[in-house]
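# A look at the structure
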There are 2 protein chains.
Amino acid sequence: MKLAVTGLAAVLTLSALPVMAKPKPVPVAAAPVSVEVQAAALRDDALKSNVAYDFLSELTTRFGPRPAGSDSEKRAAEWAAAHLKELGFQNVHIETFPLHVWARGGPETIAITGEFAQPLVGVSLGGTTAGEVEAEAVMFDTYQEFLDSAQDLTGKIVVILQPMAKASNGSGYGRMSGTVRAKGPMEAQKRGAVGFVMRSLSTDGNRFPHAGASAWSDGKGIPAMAISAPDASQLGRIEALQKAGKGGPVRIHMKTTGQFLGLKTSQNVVADLVGSEKPQETIVVGGHLDSWDQGTGAIDDGSGIAITMAAAKVMIDHNLKPKRTIRVVFWGSEEVSQPAGDTTETGGGAFREAHKAELANYVAHAESDFGADKINNFSLMPTDDAAFVTKLGNLLYPLGIYQDTKATPGGGEDSGAMNGFVPAFDLNQDGYRYFDTHHTPNDTLDRIDPQQLSQNVAAWTATLWLMANTDVRFKLPAKDTK
Amino acid sequence: MKLAVTGLAAVLTLSALPVMAKPKPVPVAAAPVSVEVQAAALRDDALKSNVAYDFLSELTTRFGPRPAGSDSEKRAAEWAAAHLKELGFQNVHIETFPLHVWARGGPETIAITGEFAQPLVGVSLGGTTAGEVEAEAVMFDTYQEFLDSAQDLTGKIVVILQPMAKASNGSGYGRMSGTVRAKGPMEAQKRGAVGFVMRSLSTDGNRFPHAGASAWSDGKGIPAMAISAPDASQLGRIEALQKAGKGGPVRIHMKTTGQFLGLKTSQNVVADLVGSEKPQETIVVGGHLDSWDQGTGAIDDGSGIAITMAAAKVMIDHNLKPKRTIRVVFWGSEEVSQPAGDTTETGGGAFREAHKAELANYVAHAESDFGADKINNFSLMPTDDAAFVTKLGNLLYPLGIYQDTKATPGGGEDSGAMNGFVPAFDLNQDGYRYFDTHHTPNDTLDRIDPQQLSQNVAAWTATLWLMANTDVRFKLPAKDTK
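Cut-offs and rules
- Along each chain, residue indices are assigned from 1 in the same order as the chain's sequence is written.
- Lettering of chains starts at A and numbering of ligands starts at 1, both following the order in which they are written.
- In view of the model being predicted, local features appear only for residues whose pLDDT reaches at least 70, and side-chain atom pairs are presented and counted only at 80 or more, with totals across whole chains, interfaces and linings using the full set of residues.
- Remark: hydrogens and water are excluded; side-chain values derive from all non-hydrogen atoms of the structure.
- Secondary structure is summarised from DSSP: a helix means a run of H or I of at least four residues, a strand means a run of E of at least two, and numbering begins at the N terminus for each.
- Relative accessibility under 20% of the residue-type maximum defines a buried residue, over 50% an exposed one, and the middle range a partly exposed one, all with a 1.4 Å probe and only protein chains included.
- Contacts are assigned to residue pairs with any non-hydrogen atoms lying within 4.5 Å of each other.
- If the strands point away from the viewer and the path from the first strand over the helix to the second runs clockwise, then the crossover is right-handed.
- Should DSSP find at least two bridges between two strands, the strands are taken to pair.
- A fitted line through C-alpha atoms serves as each axis, taken over the contacting stretch for helices, and the angle formed by two N-to-C directions is quoted from 0 to 180°.
- When two parts are brought into contact, each loses some accessible area as probed by a 1.4 Å sphere; the total of that loss over both is the buried area.
- A carboxyl oxygen of Asp or Glu within 4 Å of a side-chain nitrogen of Lys or Arg is what we treat as a salt bridge.
- A 3.5 Å cut-off defines polar contacts: any pair of N or O atoms within that distance qualifies, except that in protein one atom must be a possible hydrogen donor and the other a possible acceptor, and neighbouring residues in sequence count only when both atoms are side-chain atoms.
- Any angle that is under 35 degrees is reported as roughly parallel, and any over 145 degrees as roughly antiparallel; angles of 65 to 115 degrees are reported as roughly perpendicular and all others as oblique.
- Handedness of a crossing follows from how the near helix is turned relative to the far one, being left-handed for an anticlockwise turn of less than a right angle and right-handed for a clockwise one.
- Three classes are used: nonpolar for Ala, Val, Leu, Ile, Met, Phe, Trp, Tyr, Cys and Pro, charged for Asp, Glu, Lys and Arg, and polar for all others, with Gly counted as polar.
- When the copies are overlaid, the least-squares fit takes in C-alpha atoms only where the residue has pLDDT of at least 70 in both copies.
- Only protein atoms enter the 1 Å grid, on which a cavity is a set of points fitting a 1.4 Å probe that cannot get out and a pocket is an open set with protein on both sides within 12 Å along at least 5 of 7 lines, lining residues being those with an atom within 4 Å of a point.
- Grid points are joined across faces, edges and corners, and a volume is the space filled by probe spheres set on the points.
- Each domain's extent was defined by an automatic or database domain assignment.
- When the centres of two rings from Phe, Tyr and Trp lie within 6.5 Å, Trp using its six-membered ring, the rings pair. Their planes under 30 degrees apart give stacked, over 60 give edge-to-face, and anything left gives tilted.
- For a lysine, the NZ atom is tested; for an arginine, the CZ atom; a charge sits over a ring if that atom is within 6 Å of the ring centre and within 35 degrees of the ring normal.

## Digging into the overall build of chain A
Tallying secondary structure elements over chain A gives twelve helices and 16 strands in all. With respect to the principal axes defined by its C-alpha atoms, chain A has extents near 80 × 45 × 45 Å. For chain A, the residues scored as buried account for 61% of the 482 residues in total. Pairs at least 24 residues apart make up 84% of the contacts formed inside chain A by residues separated by at least 6 positions.

Right, here's the structure in full:
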């Protein structure tokens, strides 16, 4: 199916080549075309735009990793704010908030000692403790087996070899990040262990360790690391040799260097396309600017801020003003968020608190934080405006995107902090490759497919233009309304 | 094309399931089958054998990395010798030789400082110097551009961004390992530079740095590192920002820890299937036991020793004795070899010197040191025995292997040390993936495809059986004969 694109579309296309050329005013009010025809034209124009890739390239090149609360994150936020002003966004400003900052202190090591002596590839979990231990390893094939074990773990290093399932919707991740990674170190400590090692939450076989937050330990926990998938397989094979009587106990030496540096600040970068008719009715979208420290945060989540920013920039390039306000937020400090943590120390939580008085006027929120591969489907909260849903479906179908009518949208750690106050919508990427790279040194610009990135921008452009130029309203789930 | 396999082949197949069962004597002399029919049956049996994979798995699991001259290499050699005896090899022994050992002293770091501050992923080159420097980087797109440059490099860090070409025959590697990597650090030092950084000799885009030998510097050189391909691309993008007036000079900080530990020893492991009729006529084959320190040396070169050993083991399993001797050597200390270095400090050179008196009786030499992907072609030195060439071609064709009649075989750093004394033959693997992983942390068992590994064993089995049971003789190139 192809949408008929006529009239204004031709004008838009002409005015948009090259994209960076000075925009020509397009007489929207005078144009005899519907909002959805405009949206389709903007969508098709977005497919040709390099704005997202160029922004992502400069961000990741210039600043490299951007850990929450770091100087790098701060400088990136300042650069991004200046850049957003240059691009033509309005009300661009930075909102700071306090954060207890954790950082690695230098090189970390993990190695098998003794009979099977060899180095392993590992990285300590965020929020865990600097220390140096050597002890006998006790291996568990699953986290549940460890929780259920009656074995005396006093003085031992607990090793969890459980692999993570690979799926396009990333469903293998959530459960394990909230259990093995978040709580594993504390559970091991409770049982007397002196160290904790887990197989990375990873879906590929490359020898990269995947970083990620564990529950805060306030510097009183035990050294805790994630090792690469091949290293976990190696430990599994050593265990098999042991069980076959071909080797003695395995000893592991760990040196971790992470520590809390005290109370510092992180920041959200906020930029608007102010609505021409109903500026207080706001659609808030974005991604997070911070990243883990091993890679340069291209898929997680430079691409998310690049995509949502570029979607709005397509409108600016055509001198088109949405009727409602489109607010783009580059949230800070997402990676330190915790299932049961203090959400005001994340960009999402801080933004919600800072804007609480406005939230009733917000029409919808969404974020892009699942890489930059092709968007597969969208989901919406319930609405009485059936025509809007049909129109959006028609706009996104040519991009290979269908509506997932069974899913309840919720954003993620960033915009999701507004759940209960503001209805969410989701544009869901294919995440099959995402956890191959997520939180590793390999999360660099090289992982981005420019063509799929453009498909993302096109989908966001069409969705935002339609949403900002209709009267659609979405419902909050009754019981979740606060 | 399928070869007719009759008579003994059926017996062999029956006796060989399972392979690890006690071998049944096969009455070769009585069997009314030709050598090539025997070879075909052994070949097909080798395709079902797990001997190579099991050996490779235990070697890489038990010992991890096996740097030349290390305790790990020594323990692996002792284990391998005991294993070879158990498997039924004869005359199994270890031959030691002296080696000036170089080793990393601990974690190394490389980072951009200042305006573009961010860590890079790098590893120091073998034989280079421990040190810590910070200086302005001067980037060159090619090595030739650096050599030709008139720029004053005093006090600078030289960065070579030249990428390596990807090819099935690995042709992109040799020229660059012998120039950029071997000589680059010294050339930079000559021009007053205080550090040397090169893009890894790599054919993929994962963020692994590739180790490798540089020319010896006797501890008086400058810190020299290889950075991963994505890091080289990152530096290239930073250079582009600079050239666009969007940034100042790039400064790099390097901390390297490698040093020479003095004169120690390495060793070759030698094992025979003694010939039943002409034991002095020897075919010598093998691979190298040592590996770089980042991975566990599965593709480089645990697979090579596993393949050649397993090929001979198929004969043992059938209680078949070759007429000529098949000698399998696990060479030590291959990775430190230098284009212009002292070859008696490598396993290949030491073996040649130790066995000089026997070399005139050696029929041929070959090695497997190009991973474990499928063998594509073979090449032979000239022979008057045209029937042998036809028979070998017929034996290998069903495995998808053709004769490369244009190539001159030469072995590699190991058996190739005998060039000029002993004719070489080559069984050449498809190396398209090889330099994706070679010398990186990612060189682990996970990279091995068991099915392709078995194809290798089958090809070696057929080739060795045919060569050891005919009177074929190969010629040395006249001018190279010493």
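## Points about the pairing of strand β11 (residues 278–288) of chain B
Residues and elements named next belong to chain B. When you tally the buried positions in β11, you get nine out of eleven residues, the bulk of the element. Taking the sense of rotation as the criterion, the β-α-β connection linking β11, helix α8 (residues 298–317) and strand β12 (residues 324–331) turns out right-handed. As judged from the five bridges shared by β11 and strand β13 (residues 362–367), these two strands associate in the parallel manner. By the bridge assignment, Thr-282 is partnered in β13 with Tyr-362.

## Focus on unusual backbone geometry
All names here are of chain A. Here the bond from Asp-300 into Asp-301 is cis, since omega is 5 degrees, no more than 30 degrees from zero. Turning to its location among the elements, Asp-301 is positioned in helix α8 (residues 298–317). Even without being glycine, Asn-91 reaches a positive phi, approximately 50 degrees. Following the sequence through the fold, Asn-91 ends up in strand β1 (residues 90–103). The partly exposed category is assigned to Asn-91, whose relative accessible area is 46%.

## A short note on the sheet that holds strand β5 (residues 131–140) of chain A
All names here are of chain A. Reading across the sheet, the eight strands line up as β3-β2-β9-β5-β6-β7-β8-β4 and stay open at both edges, with mixed pairing between neighbours. Because the sheet does not close on itself, it has two edges, and the strands there are β3 (118–120) and β4 (122–124). Sheet twist, expressed as the average angle between the axes of neighbouring strands with direction ignored, equals 30 degrees. Summarising the sheet, strand β7 (residues 195–199) and strand β8 (residues 224–227) pair through four bridges and their orientation is parallel. Paired with Met-198 across the two strands is Ala-226, which belongs to β8. Packed onto the sheet, helix α6 (residues 171–190) meets β6 (157–160), β7 and β8 and runs at close to 150 degrees relative to β7.

## Examining the environment of A:Ala311
All names here are of chain A. Tracing the backbone shows Ala-311 in helix α8. Accessibility expressed as a relative area gives 0% for Ala-311, which makes it buried. C-alpha separation for the pair Ala-311 and Tyr-143, spaced 168 residues apart in sequence, amounts to 42 Å.

## Thoughts on the interface of chain B and chain A
Counting residues at the interface gives 37 residues for chain B, matched by 37 residues for chain A. Between chain B and chain A, roughly 2800 Å² of surface is buried when both sides are summed, and carbon and sulfur atoms account for 47% of that area. A per-residue breakdown of the area chain B buries against chain A is headed by B:Thr61, B:Arg62 and B:Arg207, which together make up 23% of the total. The tally of links from chain B across to chain A stands at four salt bridges. Across the pair A:Lys246 and B:Glu58 runs a salt bridge, and its minimum N-O distance is 3.3 Å. Taken together, chain B and chain A are joined by 24 residue pairs in polar contact (both at pLDDT 80 or more). Mapped by element, the contributors of at least two residues to the side of chain B that touches chain A are α3 (51–63), β3 (118–120) and α7 (229–243) of chain B.

## A look at the packing of helix α10 (residues 386–396) of chain B against helix α12 (residues 450–468) of chain B
Residues and elements named next belong to chain B. Between α10 and α12, the shortest axis-to-axis distance is 10 Å and the interhelical angle comes to 155 degrees. Comparing the axis directions of α10 and α12 gives the class roughly antiparallel. Classified by chirality, the crossing of α12 by α10 is right-handed. Mapping the contact onto sequence places Phe-388, Lys-391, Leu-392, Leu-395 and Leu-396 in α10 and Ala-459, Ala-462, Thr-463, Leu-466 and Met-467 in α12. Taken together, the residues of the contact of α10 with α12 break down into eight nonpolar, one polar and one charged.

## Some points on the relation of the copies chain B and chain A
The two chain copies are connected by a rotation around an axis plus a translation along it. Between chain B and chain A, the superposition needs a rotation of 180 degrees and an axial shift of 0.0 Å, giving an RMSD of 0.0 Å. Accordingly, the operation relating the two chain copies is best matched by a two-fold axis. For chain B, the smallest separation between a C-alpha atom and the rotation axis is recorded for B:Pro107, amounting to 3.2 Å. A shared binding surface is used by both copies, with 100% of the interface residues of chain B retained as interface residues in chain A.

## A word on the layout of surface pockets
Residues and elements named next belong to chain A. Taken as a whole, the second largest pocket holds about 1100 Å³ of empty space. Of the residues that constitute the lining of the second largest pocket, the class distribution is eleven nonpolar, 19 polar and ten charged. Domain assignment of the residues forming the lining of the second largest pocket places at least three in each of domain 1 (8–100 + 262–480) and domain 2 (109–257).

## Comments concerning the packing of aromatic side chains
Applying the stated criterion to the full structure yields 27 aromatic pairs over all chains. On the basis of an interplanar angle of 10 degrees and a centroid distance of 4.1 Å, the ring pair of A:Phe208 and B:Phe208 is categorised as stacked. Of this pair, A:Phe208 sits in the loop between β7 and β8 while B:Phe208 sits in the loop between β7 (195–199) and β8 (224–227), placing the two residues on different chains. By the burial criterion, A:Phe208 is buried, and B:Phe208 matches it. Among the aromatic residues, ring-to-ring pairing joins A:Phe55, A:Phe63, A:Trp79 and A:Phe330 into one connected group. Over the ring of A:Tyr432 we find A:Lys166, and its NZ or CZ is 4.6 Å from the ring centre.

## A closer look at the domain arrangement of chain A
How big an interface is tends to be stated in terms of accessible area lost as the parts join. All names here are of chain A. When the domains of chain A are assigned, the result is domain 1 (8–100 + 262–480) and domain 2 (109–257). Contact with domain 1, which involves 21 residues of that partner, is made by 25 residues of domain 2. Across the domain 1 to domain 2 interface the summed buried area is about 1800 Å²; carbon plus sulfur atoms make up 60%. At the boundary of domain 1 with domain 2, the tally comes to one salt bridge. In this structure, Lys-166 and Asp-436 form a salt bridge, with 3.0 Å as the shortest nitrogen-oxygen distance. Ranked by residues supplied to the side of domain 1 that touches domain 2, first place goes to helix α11 (residues 434–437) with three residues.

## A short note on the side chain of A:Asp231
Residues and elements named next belong to chain A. Within the secondary structure, Asp-231 is located in helix α7 (residues 229–243). Exposure remark for Asp-231: the relative accessible area of 2% places this residue in the buried category. Only 3.4 Å separates the side chain of Asp-231 from the backbone nitrogen of Val-121, close enough to count as a polar contact. For Asp-231, the residues in contact, after removing those within four places along its chain, are Pro-119, Leu-120, Val-121 and Arg-207.

## Thoughts on the pattern of salt bridges
All names here are of chain A. Evaluated as defined, the whole model comprises 48 salt bridges over all chains. For the salt bridge of Glu-108 with Arg-104, the shortest nitrogen-to-oxygen distance reads 3.2 Å. Two residues, Asp-373 and Arg-433, come together in a salt bridge whose shortest N-O distance is 2.8 Å. Of this pair, Asp-373 sits in the loop between β13 (362–367) and β14 (375–380) while Arg-433 sits in the loop between β16 (425–429) and α11, and the two are 60 residues apart along the sequence.

## What to know about the sheet that holds β7(B)
Residue and element names in this part refer to chain B. With respect to topology, eight strands assemble into an open sheet ordered β3-β2-β9-β5-β6-β7-β8-β4, the strand pairing being mixed. Among the strands making up the open sheet, the edge pair consists of β3 and β4 (122–124). Across the sheet, the axes of successive neighbouring strands diverge by a mean angle of 30 degrees, strand direction being ignored. Running at roughly 150 degrees to β7, helix α6 (residues 171–190) makes contact with β6 (157–160), β7 and β8 of the sheet.

## Overview of the pairing of β8(A)
All names here are of chain A. Burial of the side chains of β8 extends over both faces: Ala-224 and Ala-226 are buried on one face and Met-225 and Ile-227 on the other. Pairing of β4 with β8 involves three bridges; the strand directions are antiparallel. Pairing of Gly-122 across the sheet is with Ile-227, part of β8.

## Topic: the packing of helix α3 (residues 51–63) of chain A against helix α4 (residues 71–87) of chain A
Residue and element names in this part refer to chain A. Contact pair α3 / α4: the axes reach a minimum separation of 10 Å and the direction vectors enclose 145 degrees. Our pair here, α3 against α4, has a crossing hand that is right-handed. Seen from α3, the contacting residues are Phe-55, Glu-58, Leu-59, Arg-62 and Phe-63; seen from α4, they are Ser-72, Arg-75, Ala-76, Trp-79 and His-83. Broken down by class, the residue content of the contact of α3 with α4 amounts to five nonpolar, two polar and three charged.

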